[in-house]
Amino acid sequence: MQQGVRSMPILPASDLAAGVAFYTDKLGFDLAGQWKNEDGTPNFAIVQLGGITLGLTASDRPVPAEDWAAYFYLEDIDAFTDQVLGRGVKLLRGPEESFYHCKEVELSDPHGNRLCFAQDLKPGADGPGL
């Protein structure tokens, strides 16, 4: 029996409103929901890009600068790259092809979460397996 249905990485956001704005305005995600504390301050949001769901939680937790916080597979990395560059997003790396047959771009959100967006160039047994 298959148990996995979907996943939702949860990333820290020191300024939740700025995080939601970055993901929606710059990366093209849609805001799916947002929750607030009793005092009205936002504490959690969910954004989506096609089948990708991402949670943002209000947090001052330090973010590792070197590691990917999340890795996202896209259908057309070139179109995504053009879109985000046109919206003023600075890429940390890419687009470039990896040894495991993915074309990738890396960027950071306003909170320092390092993100990798990729297109699987060789789906199947010889590709990354996803």
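Residues numbered from 1 in each chain as written. Predicted model: local features only at pLDDT ≥ 70, side-chain atom pairs only at ≥ 80, totals over all residues. Heavy atoms only, no water.

Observations concerning the pairing of strand β7 (residues 102-108)
Put simply, the rule reads: For the exposure calls, accessible area comes from a 1.4 Å probe over protein chains only, and a residue counts as buried if that area is under 20% of its type's maximum, exposed if over 50%, partly exposed in between. Each helix is a run of DSSP H or I of at least 4 residues and each strand a run of E of at least 2, with the numbering of both proceeding from the N terminus. Pairing between two strands is assigned when DSSP locates at least 2 bridges connecting them.
For β7, a buried count of 5 out of 7 residues is recorded, marking the element as mostly surrounded by other parts of the structure. For strand β6 (residues 93-97) and β7, the ladder comprises 3 bridges, and the chain directions are antiparallel. In the sheet register, E97 faces β7, and the bridge partner there is K103. Linking β6 back to β7 in an antiparallel pair, the connection comprises 4 residues, with H101 at a positive phi of about 70°. Counting the residues that bridge the hairpin from β7 to strand β8 (residues 114-120) gives 5 residues, and of these G112 lies at a positive phi of roughly 90°.

Digging into the sheet that holds strand β5 (residues 68-73)
What counts, and what does not: A fitted line through C-alpha atoms serves as each axis, taken over the contacting stretch for helices, and the angle formed by two N-to-C directions is quoted from 0 to 180°. Whether two residues are in contact is decided by their heavy atoms, any of which lying within 4.5 Å being enough.
One open sheet holds the 4 strands; their spatial order is β5-β8-β7-β6, and the pairing between them is mixed. The sheet is open, and its two borders are formed by β5 and β6, each paired with just one other strand. Sheet twist, expressed as the mean angle between neighbouring strand axes with direction ignored, is 15°. Sheet contacts for helix α2 (residues 77-86): β6, β7 and β8; angle to β7, the most-contacted strand, approximately 25°.

What about the side chain of T53?
Structurally, T53 can be placed in strand β4 (residues 52-58). Exposure remark for T53: the relative accessible area of 9% places this residue in the buried category. Not counting residues within four places of it along the chain, the set of residues in contact with T53 comprises R6, S7, M8, P9, I46, V47 and Q48.

Quick look at unusual backbone geometry
The bulk of non-glycine residues show a negative phi, and the bulk of peptide bonds are trans. Cis geometry is adopted by the peptide bond preceding P95, which originates at G94 and carries an omega value of 5°. Structurally, the position occupied by P95 is in strand β6.

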